[in-house]
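Fold and geometry: a report
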Amino acid sequence: MQPSMQELIRRRKRAGFVGRRDELALYRRNFDIPVDDERHRFVFRVYGNAGVGKTFLVRELEQAALERGALTAYTDESVDGVPETMAAISAGFARQGRPLKALDKILATYRQRRHEAEAGLGAGPGAGPSAGSVVAAQAGLAGMSLVPGVGPLVGTLDPVQLAQSAERLRATLSARLGRPEDVQLVLEPLRVLTPVFVEELGRVAAQVPWLAVFFDTYERTGAFLDDWLRDLVTTDRYGGLPANTVLTLSGQGRPDPLRWPAAADYAADLPLEPFTEDEARQLLATQGVLEEDVVRDVLRLSGRLPVLVSTLAGSRPATPDDIGDPSATAVERFLKWEPDPVRRSAALEGALPRRLDEDVFRAAVTGDAAGLFDWLRQLPFVRDQGGRIKYHDVVRAPMHRLQRTASPQRWRAGHERLAAWYEIPCESGGTTR
């Protein structure tokens, strides 16, 4: 059978893949290690700054798993909850002829009963929650977004009121849905759905050499997936996962050692940094960019960040004058998930000093951003160093270039604010310590 257009495009992209050989080799070797060998890893954690090539690597890992006969599934930020993630995994397996039929059936029931519950609570589109439904949501439904707009209130309500409201909610749903199992499905979907999911994984795992499931853009989905996945891997709460399952989590943030206990026993971390100079040159060569003056400028402007090297190479520059400044593209990548203009501005202005504490941050930023230091220190490209923070160099450099070229006057004003705070003279365009 002739391959599809999409498959041919994917093959061409894979043919141009460079670098990450060590990471690929480690992942491939894992399939040769018996699952009961303590060297075998059940979880791989890919992490690194935006634009460093995580998704590209994850797709290569998926291809490597397919080559070893694995049944694979891939999820990313298009899922917005655990039930939706289970559905996406089932759909991925179904495309390879292995649907999770029992899971699909109970998921269909869940969607129908949830729709009925939402209608009963008056939580349809555009409807704000009543005071009672807000309290009820905190009792059990906020995590599954049954009632919109209640997240910020977590932890602010009286426990007695929560318990009373939970009982009232259960009574309301019982009257509307009738069967106790339907009420539990709506109120506690993970407790009901996950054992079915695990049982179905066990069924298909017995039919294939491996199951390989990939969770990309984990910086977005980890908020609702992390506890669930950790319980799946490290506890028997939902039953036993088949041992021939390999999970891959990929996101910007460095894994928190406190979140996954004893991870070194079962997980392998794959931190990604910008390309080495040799890897960047190899990518440029595959795109026909060989002129040494051009190559040197691409390396300098891109910081060897794979997405920027690829972007600049794609324009096929013949001379240094043909190379555009990729700073805006880089910054957009780093701040992709942040729509708030005040926060985006704070991230840019916070890049001016080499190192930051809260006092320096307040001196560096303008407007309403002064109270955002705690938010800033949680960003994946910021490293905490004993109470002070430092931007990753590959992020700070394009942020500087963007600010300097977009508004030289605002760039100077930022340095003058810092110079005044430090009470040192500031030369235009210089870097404040």
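The preceding data block contains the structure.
This one's a predicted model, so the numbers in the text were calculated from it and none came from an experiment. (Residues numbered from 1 in each chain as written. Predicted model: local features only at pLDDT ≥ 70, side-chain atom pairs only at ≥ 80, totals over all residues. Heavy atoms only, no water.)

**So, the pattern of salt bridges**
Scanning all chains against the criterion turns up 23 salt bridges. Put simply, Asp-226 and Arg-230 hold a salt bridge, and the shortest N to O gap is 3.9 Å. Of the two residues, Asp-226 and Arg-230 are both situated in helix H10 (residues 218-234); the distance of four residues between them amounts to about one turn of the helix. Arg-230 shares its class with Asp-226; the two are buried. When the shortest N-O distance is used, the salt bridge between Arg-383 and Glu-273 registers 3.7 Å. (Salt bridge = Lys/Arg side-chain N within 4 Å of Asp/Glu carboxyl O. Helix = DSSP H or I, 4+ residues; strand = E, 2+ residues; numbered from the N terminus. Buried < 20%, exposed > 50% of the residue type's maximum accessible area, 1.4 Å probe, protein only.)

**Some remarks on the nonpolar core**
General note: in soluble globular proteins, nonpolar side chains tend to be found buried as a group. Tyr-27, Leu-376, Phe-381, Tyr-391 and Met-399 are the most contacted members of the largest nonpolar core, which totals 55 residues. Membership of the second largest hydrophobic core comes to 37 residues, among which are Ala-87, Leu-193, Val-204 and Leu-247. (Core = buried A, V, L, I, M, F, W, Y, C linked by side-chain atoms within 4.5 Å.)

**Some remarks on the side chain of Asp-76**
With respect to the secondary-structure elements, Asp-76 resides in the loop between strand E2 (70-75) and helix H4 (82-94). No salt bridge forms around the buried Asp-76; measuring N to O, its nearest opposite-charge neighbour Arg-59 is 5.8 Å away. Here Ser-78 takes part through its side chain, which lies 2.7 Å from a polar atom of the side chain of Asp-76. Setting aside its immediate chain neighbours within four residues, Asp-76 contacts Asp-216, Thr-217 and Thr-221. (Lys, Arg positive; Asp, Glu negative; His and termini not counted. Polar contact = N/O pair within 3.5 Å; in protein donor to acceptor, adjacent residues only side chain to side chain. Contact = heavy atoms within 4.5 Å.)

**Considering unusual backbone geometry**
Even without a glycine there, the phi angle at Ala-262 is positive, about 50°. Among the secondary structure elements, Ala-262 is positioned in the loop between strand E4 (245-251) and strand E5 (267-271). Phi is positive for Arg-304, which is not a glycine, with a value near 60°. Structurally, the position occupied by Arg-304 is in the loop between helix H12 (292-302) and helix H13 (306-314).

**Comments concerning the side chain of Thr-85**
Within the element layout of this structure, Thr-85 appears in helix H4. Excluding residues within four positions of it along the chain, Thr-85 makes contact with Thr-75, Val-79, Phe-215, Phe-224 and Leu-225.

**Description of the sheet that holds E5**
Two orientations exist for strands paired in a sheet by backbone hydrogen bonds: parallel and antiparallel. Read across the open sheet, the five strands follow the order E2-E3-E4-E1-E5; overall the sheet is parallel. In the strand order of this sheet, the two ends are held by E2 and E5, each with one partner. Mean inter-strand twist for the sheet, computed between neighbouring axes without regard to direction, equals 15°. In this sheet, E4 lies alongside strand E1 (residues 43-47) in parallel orientation, the contact comprising five bridges. Bridge pairing in E4 places Val-43 opposite Leu-247. Packing of H4 onto the sheet brings it into contact with E2 and strand E3 (210-215), and relative to E2 it is tilted by some 140°. (Pairing = 2+ DSSP bridges. Axes fitted to C-alpha atoms, helices over the stretch in contact; angles between N-to-C directions.)

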